[in-house]
Amino acid sequence: MCGFVAILDPGGAAPVDTLRPLALERARLLRHRGPDWSGVYADPRALLAHERLSIVDVMHGAQPLLSPDGEQALAVNGEIYNHRALRARCAGYPFATDSDCEPILALYRAGMAPEALCDALHGMFAFVLWDRSKGDYLVARDAIGIVPLYWGRDADGRRWFASELKALHGVCEEVDVFPPGTYLTAGMDAPARWFAPDWRPYEAVEHGPTDPAPLRRALQDAVHSHLMSDVPYGVLLSGGLDSSLVAAIAAKYAARRIEDDDRTDAWWPRLHTFSIGLPGSPDVAAAQTAAEALGTAHHAFTYTVQEGIDALSDVVFHTETYDVTTIRASTPMMLLARRIKAMGIKMVLSGEGSDEIFGGYLYFHHAPDDRELHEELVRKLDALHLYDCLRANKSMAAYGVEARVPFLDRTFLDVAMRTAPSVKQLGGGRIGARAAGRGRGLLPDAILWRQKEQFSDGVGYGWIDGLKEHAEREVSDEALRGAAERFPHNPPPTKEAYLYRALFEQHFPGEAAARLVPGGPSIACSTPTALRWSASFAANADPSGRAVLGVHKG
């Protein structure tokens with residue numbers, strides 16, 4: 001997972017000698033994302049600084065990538081899974097590398113419109129393409145926002161773009177999240193949408209009996225494509241249905257090399273899986289069951305509540321949020337990333353996105369009808385870049401590990417989101433019933449029918465309880481009563497939320513940064529929609545999935 005900083009000033013003549021050291025300083029803050037190499041492109045109107053994590057074409061894919069005549073420069077954070085098909089489409093372009101990102105330059109040079117260019121890319125990405133010959137640029141982010149991207153302006157009016165907030169904080173007077181599924185050129189005041197799927201309105205959903213074969217085939221194809229790698233990789237395995245399904249499909253393809261259409265043996269044929277939790281956690285036990293059934297080389301790690309508490313400041317710094325749910329789940333995930341990196345693994349597959357597609361969160365079981373549930377799933381997907389995508393990407397990138405999320409593959413999304421929620425959940429939304437259509441024949445019943453656990457619960461119920469106890473010791477009653485005065489924007493409602501907000505303020509002082517974090521109790525079961533579905537949610541401000549009354553057992 002790479003990182004970059006771009007400074008663009010098409011109408012001016014920026015002092016390169018001054019801006020280059022500043023860009024290098026800012027890019028250095030992102031080196032955890034790309035520890036393998038650094039690259040810089042500079043001219044009087046643009047400066048791109050890139051920190052690379054080499055996954056594909058390790059030897060020749062250094063960035064920024066340049067067009068053959070040097071007139072266009074490209075900095076990308078992401079993976080383009082259909083890059084070989086795009087290369088064939090641009091057969092006349094003199095490719096200089098085997099990088100999966102270089103076809104972006106070829107498509108641009110072919111004169112493709114921004115909307116069509118972005119739509120042609122199947123993958124996760126955030127990129128800045130500078131065209132020196134036209135004094136123009138193209139900036140874009142993937143459909144769901146799997147890869148982070150921020151933008152802002154400095155005091156001289158120059159536009160800045162960066163993979164993480166920390167690179168812009170303090171140098172830009174205004175900073176914002178660059179919206180998923182959008183693009184921007186030099187002549188535009190605001191990003192425009194390139195991603196507008198037809199499944200967003202409920203009327204587009206297919207009702208009645210549905211053949212599960214296309215859905216299964218689309219997921220298998222997504223996982224298969226996401227195995228594209230020239231370095232050792234693995235799968236995050238919590239023992240839940242979704243991560244276990246990804247692992248099961250990956251195990252099916254792991255023995256052959258994806259990069260040559262499965263014609264030769266894989267460089268690293270044994271699939272490795274990874275789990276983490278407190279001693280005795282539900283996830284660690286379930287992951288072991290799944291791994292034994294699949295025959296993976298499994299690595300189960302444990303941590304203590306105190307080790308997690310010790311990491312909280314680092315977690316807030318890397319995830320750049322004070323959202324309670326995100327911090328709870330990011331902490332064990334970041335500890336796991338450190339262990340994974342120590343084993344020489346640079347890429348992992350993860351199960352993020354499945355719950356938003358299949359209605360997996362426990363509070364979804366209170367949805368009154370299919371229309372409301374579908375609309376809630378769309379709303380959750382729209383916000384995913386602020387929550388689970390942010391967590392998975394930044395927690396893993398903190399130690400130079402790339403997280404890939406095949407459930408958010410666009411082709412799979414199109415198939416899954418055109419399917420009625422009641423069909424996807426199967427059996428009227430009963431707990432675990434959604435498993436039957438997705439994992440039968442691949443996984444043992446103990447995994448297929450396991451109760452849904454949020455990651456922050458599944459690592460061990462003592463984790464959240466320990467965080468609350470720690471916050472109770474650290475934050476006084478008086479401090480919490482003054483929360484609105486100290487934090488007038490989005491004041492924290494609990495001592496745990498106050499603790500994370502205070503840590504965030506230490507790393508990112510000022511209201512501008514705080515405004516980039518979604519407000520209110522972040523949790524699925526505390527959303528306005530959920531409150532409308534069941535009044536019982538209103539009495540419980542805790543984000544844990546265990547708070548979903550009448551659904552969670554145990």
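Residues numbered from 1 in each chain as written. Predicted model: local features only at pLDDT ≥ 70, side-chain atom pairs only at ≥ 80, totals over all residues. Heavy atoms only, no water.

Enquirer: Can you help me understand the overall build of the chain in this one?
Expert: For the chain, the helix and strand inventory stands at 24 helices and 17 strands. Looking at the chain residue by residue over its 554 residues, the buried ones come to 62%. Counted over contacts in the chain with a minimum sequence separation of 6, partners at least 24 positions apart contribute 71%. Put simply, the chain shows about 20400 Å² of open surface, and 52% of that area lies on carbon and sulfur atoms. (Helix = DSSP H or I, 4+ residues; strand = E, 2+ residues; numbered from the N terminus. Buried < 20%, exposed > 50% of the residue type's maximum accessible area, 1.4 Å probe, protein only. Contact = heavy atoms within 4.5 Å. Areas by Shrake-Rupley, 256 points an atom, 1.4 Å probe, with all protein chains shown as cover.)

Enquirer: I tried to follow the pairing of strand β6 (residues 123-131) on my own but got confused; where do I start?
Expert: Most of β6 is tucked away: eight of the nine residues are buried. Here strand β5 (residues 72-80) pairs with β6 via nine bridges, running antiparallel. Its bridge partner being in β6, V76 is matched across the sheet by F127. Across six bridges, the pairing between β6 and strand β7 (residues 136-141) is antiparallel. Considered in β7, the bridge of A126 is made with R141. Taken together, β6 and the strand that follows it, β7, pair antiparallel across an intervening segment of four residues, in which G135 is found at a positive phi of about 60 degrees. (Pairing = 2+ DSSP bridges.)

Enquirer: Whenever I open this one, the nonpolar core confuses me. Can you help?
Expert: Soluble, globular proteins show a tendency: their nonpolar side chains are buried together. Core analysis: the largest hydrophobic core is formed by 105 residues, its most contacted members being F127, F161, I357 and F412. Ranked by the residues each element gives to this core, the list is headed by helix α6 (residues 241-253), at eight residues. Apart from the residues within four sequence positions on either side, F127 is in contact with F4, L74, A75, V76, I104, L117, L121, L138, V139 and A140. Counting 64 residues, the second largest nonpolar core, distinct from the first, contains L312, V315, M334 and F504. (Core = buried A, V, L, I, M, F, W, Y, C linked by side-chain atoms within 4.5 Å.)

Enquirer: Before we go on, may I ask you to explain the sheet that holds strand β4 (residues 65-66) in this structure?
Expert: Sheets are built from strands that pair by backbone hydrogen bonding, the pairs being arranged parallel or antiparallel. The strand order across the open sheet formed by six strands is β4-β5-β6-β7-β11-β12, and the pairing between neighbours is antiparallel. In the strand order of this sheet, the two ends are held by β4 and β12 (192-193), each with one partner. Both β7 and strand β11 (residues 182-185) contribute to a ladder of three bridges, which runs antiparallel. In the strand pairing of β11, L138 is matched with T185.

Enquirer: For this particular structure, what's the right way to read unusual backbone geometry?
Expert: Trans peptide bonds make up most of the peptide bonds, and negative phi angles are found at most residues other than glycine. Geometrically, the link from Q63 to P64 is a cis peptide bond, its omega value of 0 degrees lying close to zero. With respect to the helices, strands and loops of the structure, P64 is situated in the loop between β3 (46-52) and β4. Phi at D262 takes a positive value of approximately 65 degrees, unusual for a residue other than glycine. Along the chain, D262 turns up in the loop between α6 and β14 (272-277). A relative accessible area of 26% means that D262 is categorised as partly exposed. Residues other than glycine seldom take positive phi values, yet N490 does so here, at roughly 55 degrees. Of note, N490 is situated in the loop between α21 (483-486) and α22 (495-507). For N490, a relative accessible area of 18% gives the class buried.

Enquirer: It is not clear to me how the sheet that holds strand β10 (residues 174-177) should be interpreted in this structure. Could you clarify?
Expert: The sheet built from six strands is open, its strands ordered β2-β3-β1-β9-β8-β10 with antiparallel pairing. Each end of this open sheet is capped by a strand with a single partner; those strands are β2 (37-43) and β10. Pairs of neighbouring strands in the sheet enclose a mean axial angle of 10 degrees, with direction left out of account. Strand contacts of helix α1 (residues 16-28): β1 (3-8), β2, β3 and β9 (159-162), with the helix running at about 25 degrees to β3, the strand carrying the most contacts. (Axes fitted to C-alpha atoms, helices over the stretch in contact; angles between N-to-C directions.)

Enquirer: Explain the pairing of β3 here, please?
Expert: Side-chain direction in a regular strand flips from residue to residue, so the side chains alternate between the two faces of the sheet. In terms of burial, β3 is a largely internal element, seven of the seven residues being buried. With burial as the criterion, each face of β3 is covered, one bearing A46, L48, H50 and R52 and the other bearing L47, A49 and E51. Direction of pairing for β1 relative to β3: antiparallel, over a ladder of six bridges. Counterpart to V5 in the pairing with β3 is A49. When β2 meets β3, the two strands line up antiparallel, connected through seven bridges. Within β3, the residue paired with S38 across the bridge is E51. Linkage of β2 to β3, two consecutive antiparallel strands, is achieved through a turn of two residues.

Enquirer: Would you mind showing me how to read helix α14 (residues 410-417) here?
Expert: In an α-helix there are 3.6 residues to a turn, and that puts residues three or four apart on one side. Every buried residue of α14 is accounted for by R410, F412, L413, A416 and M417. Summarising the axial view, the buried residues of α14 lie within an arc of 155 degrees, below the 170-degree limit, and thus occupy one face. (Arc of directions from axis to C-beta.)

Enquirer: I tried to follow the packing of helix α19 (residues 461-474) against α22 on my own but got confused; where do I start?
Expert: Angle between the axes and distance between the axes: these two values describe a pair of packed helices. The interhelical angle for the contact between α19 and α22, taken along N-to-C directions, is 75 degrees, at an axis separation of 8 Å. One element, α19, and the other, α22, form an angle in the roughly perpendicular class. Touching L467, K468, H470, A471, E472 and E474 of α19 are K495, E496, L499 and Y500, all from α22. A class-by-class count of the residues in the contact of α19 with α22 yields four nonpolar, one polar and five charged. (Parallel < 35°, antiparallel > 145°, perpendicular 65-115°, else oblique. Nonpolar A, V, L, I, M, F, W, Y, C, P; charged D, E, K, R; others polar.)

Enquirer: Quick question: what am I supposed to make of the environment of D221 here?
Expert: Note on placement: D221 falls in helix α5 (residues 213-226). On a C-alpha basis, the gap between D221 and D409 in space is 9.4 Å, while along the polypeptide they are 188 residues apart.

Enquirer: Hey, could you run me through the confidence of the model for the chain in this one?
Expert: Regions with low pLDDT carry predicted coordinates that are not meant to be interpreted in detail. Looking at the chain as a whole, its pLDDT mean stands at 88, while 87% of the residues score no less than 70. Within the model, the stretch residues 521-526 combines pLDDT values under 50 with 22 contacts to residues more than four positions away or in other chains. (pLDDT = per-residue confidence, 0-100.)

Enquirer: I tried to follow the side chain of E402 on my own but got confused; where do I start?
Expert: Along the chain, the position of E402 falls in strand β17 (residues 402-404). Taking the relative accessible area as the measure of exposure, E402 reaches 2% and is therefore buried.

Enquirer: I would appreciate a short explanation of α22 in the present structure.
Expert: Compared with an ideal rise of 1.5 Å per residue, which puts 13 residues at 18 Å, α22 spans 19 Å between its outermost C-alpha atoms and is within 8% of the ideal. Counted residue by residue, α22 has ten buried out of 13 residues, so it is predominantly covered. What α22 keeps buried is the set K495, E496, A497, Y498, L499, Y500, R501, A502, L503 and F504. Tucked into the core, α22 has its buried residues touching α9 (312-319), α10 (324-342), α19, α20 (477-481), α21 and α23 (511-514). (Expected span 1.5 Å × (residues − 1).)

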